[in-house]
Amino acid sequence: MKYFAYLCLLTIFTACSSGSKPKVEESPEPVKWSIKMADAVMTRSDSLGYYNGRTRRGWSYDVALLGMAIDKLGNIDPKYSAYMKTDIDAMVDENGNVARYDSTKFNIDYVNPAKNLLILWEKTGDEKYKKAVGQFVRQMENHPKTKTGGYWHKKIYPWQIWLDGVYMGMPFLTEYAKDFNDPRWFDVATHEIILVHEKTLDPTTGLLYHAWDESKEQKWANPETGQSPHFWSRAMGWYVMAIVDVLDYLPEDHKDRAEIIKILQETCDALLKVRDPKSGAWYQVLDQGGREGNYLEGSGTAMYIYAFAKGAKKGYLDPKYKEIAADAFDDMVKTFIVTGDDGLPNMVNICGSCGLGGSPTYRDGSYEYYTTEKINTNDTKGVAPFILAAIETDK
């Protein structure tokens, strides 16, 4: 009995002296915001084309942008890439025909979804995507231009260049130029970026007006400069996103590369100056944060964060922008993300849309116009850049 007790004590002593400790299970890493938001989209809508209350699938620039953003997570799980592909396949037949696309409208918004065709062509080699791409190249070959060589935003908006259009067309053209060895489009894209900057720039603030009317005939156009009257948050977001995406494909030795990097740097510096110091986000009308009716707007904020983070990562922007982007992302989450009744994240305070001119209701580009347009929750134009910003900041 004494011997047995001795063995028990010896065993306990040996275990204690060996330094062994109870195994502690490691806490799982928190799910990143890019995944959380993509999963929320896919949980709420099993079909991208009908996301957020849409009743009809269409060839839409913003739905395509959301699909592209989610597709970037395909290296984590193929379900994300499948979500985008399923939507495109519902719109493109085996001969490359695209449902609800009318090239004769010369709407530059129609070109943005074609980037997803390039993605799918590269991944699958399926000829239908290549055939479909050709339609959008032909549109841009024949798309009407100002006398200064800039693309009209749409046929129904003659002589007008909008910041939005730079994003809708130029990243596609440069990606196509690289993928299909058609370098003429590099010059076209850089010319557009430089021209738009020249025509919309306010030299005092460094900010860019939403649009420019070469004819100076629109009611919203300054009769001397042709510029629209205000700096709209998302318009500048489209512009800086366009530049960092174009630079992905533009040759390192291209004659205009240094100039558009300089434009990016100056534009981002101007945006920093109008960032709200309290919330860390940006206002709908950028330079009038304290004015009644103005509000912190989600899509522009997300777009700037994406451009800051990517620009710093690629070396186009000062390294400080990496930290700025990370901090601004955290501020964006605090300001715009709330938990829905379903337990999933919602993104609030996203401007539905803002344009200029048109009929039967004429959009005059006034401060009141920009601040009274519909504000949405979970709008594609905010959720997509939120996911892109989360990926670039690794949040």
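This text gives an overview of the structure that appears in the document. (Residues numbered from 1 in each chain as written. Predicted model: local features only at pLDDT ≥ 70, side-chain atom pairs only at ≥ 80, totals over all residues. Heavy atoms only, no water.)

Quick look at the pattern of salt bridges now. Side-chain pairs of opposite charge can arise where the charged atoms are in close proximity. One pass over the structure, following the stated rule, counts 25 salt bridges. Note that D248 and K310 form a salt bridge whose closest N and O atoms lie 2.6 Å from each other. Taken together, the positions of D248 in the loop between helix 9 (233–246) and helix 10 (257–273) and K310 in helix 11 (residues 298–314) put the pair 62 residues apart, joining distant regions of the chain. Since its relative accessible area comes to 27%, D248 is described here as partly exposed. For K310, a relative accessible area of 6% puts it in the buried group. (Salt bridge = Lys/Arg side-chain N within 4 Å of Asp/Glu carboxyl O. Helix = DSSP H or I, 4+ residues; strand = E, 2+ residues; numbered from the N terminus. Buried < 20%, exposed > 50% of the residue type's maximum accessible area, 1.4 Å probe, protein only.)

Quick look at the environment of N378 now. Within the secondary structure layout, N378 lies in the loop between strand 6 (375–376) and helix 14 (380–393). The exposure class assigned to N378 is buried, which follows from its relative accessible area of 6%. Distance in space between the C-alpha atoms of N378 and I350 is 7.4 Å, their sequence separation being 28 residues.

Bringing the packing of aromatic side chains into the picture now. Evaluation of the coordinates by the stated rule reveals 18 aromatic pairs. Between Y209 and F231 the ring centres are 4.4 Å apart and the planes differ by 25 degrees, which places this aromatic pair in the stacked class. Taken together, the residues span a long stretch of sequence, with Y209 in the loop between helix 8 (184–200) and strand 2 (211–213) and F231 in the loop between strand 2 and helix 9 at a distance of 22 residues. Y209 sits in the buried class, given a relative accessible area of 15%. An aromatic cluster of three or more residues is present, and its members are W59, Y101, Y110 and F136. When the ring centre of W33 is taken as reference, the NZ or CZ atom of K36 above it lies at 3.7 Å. (Phe/Tyr/Trp six-rings, centres within 6.5 Å; stacked < 30°, edge-to-face > 60°. Lys NZ or Arg CZ within 6 Å of the ring centre and 35° of its normal.)

A few words on the packing of helix 11 against helix 12 (residues 320–336). For the pair helix 11 and helix 12, interaxial distance at closest approach is 8 Å and the crossing angle is 155 degrees. Taken together, the axes of helix 11 and helix 12 are roughly antiparallel relative to one another. Here helix 11 runs over helix 12; the crossing is left-handed. Within the contact between the two elements, helix 11 uses G298, T301, A302, I305, F308, A309 and A312 and helix 12 uses Y321, K322, I324, A325, A328, F329, M332 and F336. (Axes fitted to C-alpha atoms, helices over the stretch in contact; angles between N-to-C directions. Parallel < 35°, antiparallel > 145°, perpendicular 65-115°, else oblique. Left-handed = near helix turned anticlockwise from the far one by under 90°. Contact = heavy atoms within 4.5 Å.)

Another aspect to go through is helix 3 (residues 61–71). Across the eleven residues that make up helix 3, a large majority, ten, are buried. Looking at helix 3, one finds that the buried residues are D62, V63, A64, L65, L66, G67, M68, A69, I70 and D71.

In this model, S359 is joined to P360 through a cis peptide bond whose omega is 5 degrees. Mapped onto the elements of the fold, P360 is located in the loop between strand 5 (350–351) and helix 13 (367–372). Within the chain, K216 stands out as a residue other than glycine whose phi angle is a positive 60 degrees. With respect to the helices, strands and loops of the structure, K216 is situated in the loop between strand 2 and helix 9. Even without being glycine, D394 reaches a positive phi, approximately 60 degrees. In this fold, D394 is placed in the segment after helix 14. We classify D394 as exposed; its relative accessible area is 52%.

With respect to the helices and strands, D379 occurs in the loop between strand 6 and helix 14. Polar side-chain contacts of D379 include one of 3.4 Å to the side chain of T380. Excluding residues within four positions of it along the chain, D379 makes contact with N52, I350, C351 and G352. (Polar contact = N/O pair within 3.5 Å; in protein donor to acceptor, adjacent residues only side chain to side chain.)

Before going further, it helps to spend a moment on the side chain of E297. As for its position among the elements, E297 is in the loop between helix 10 and helix 11. Other than its neighbours up to four places away in sequence, E297 contacts S233, R234, W282, Y283, Q284, F336, N349, I350 and C351.

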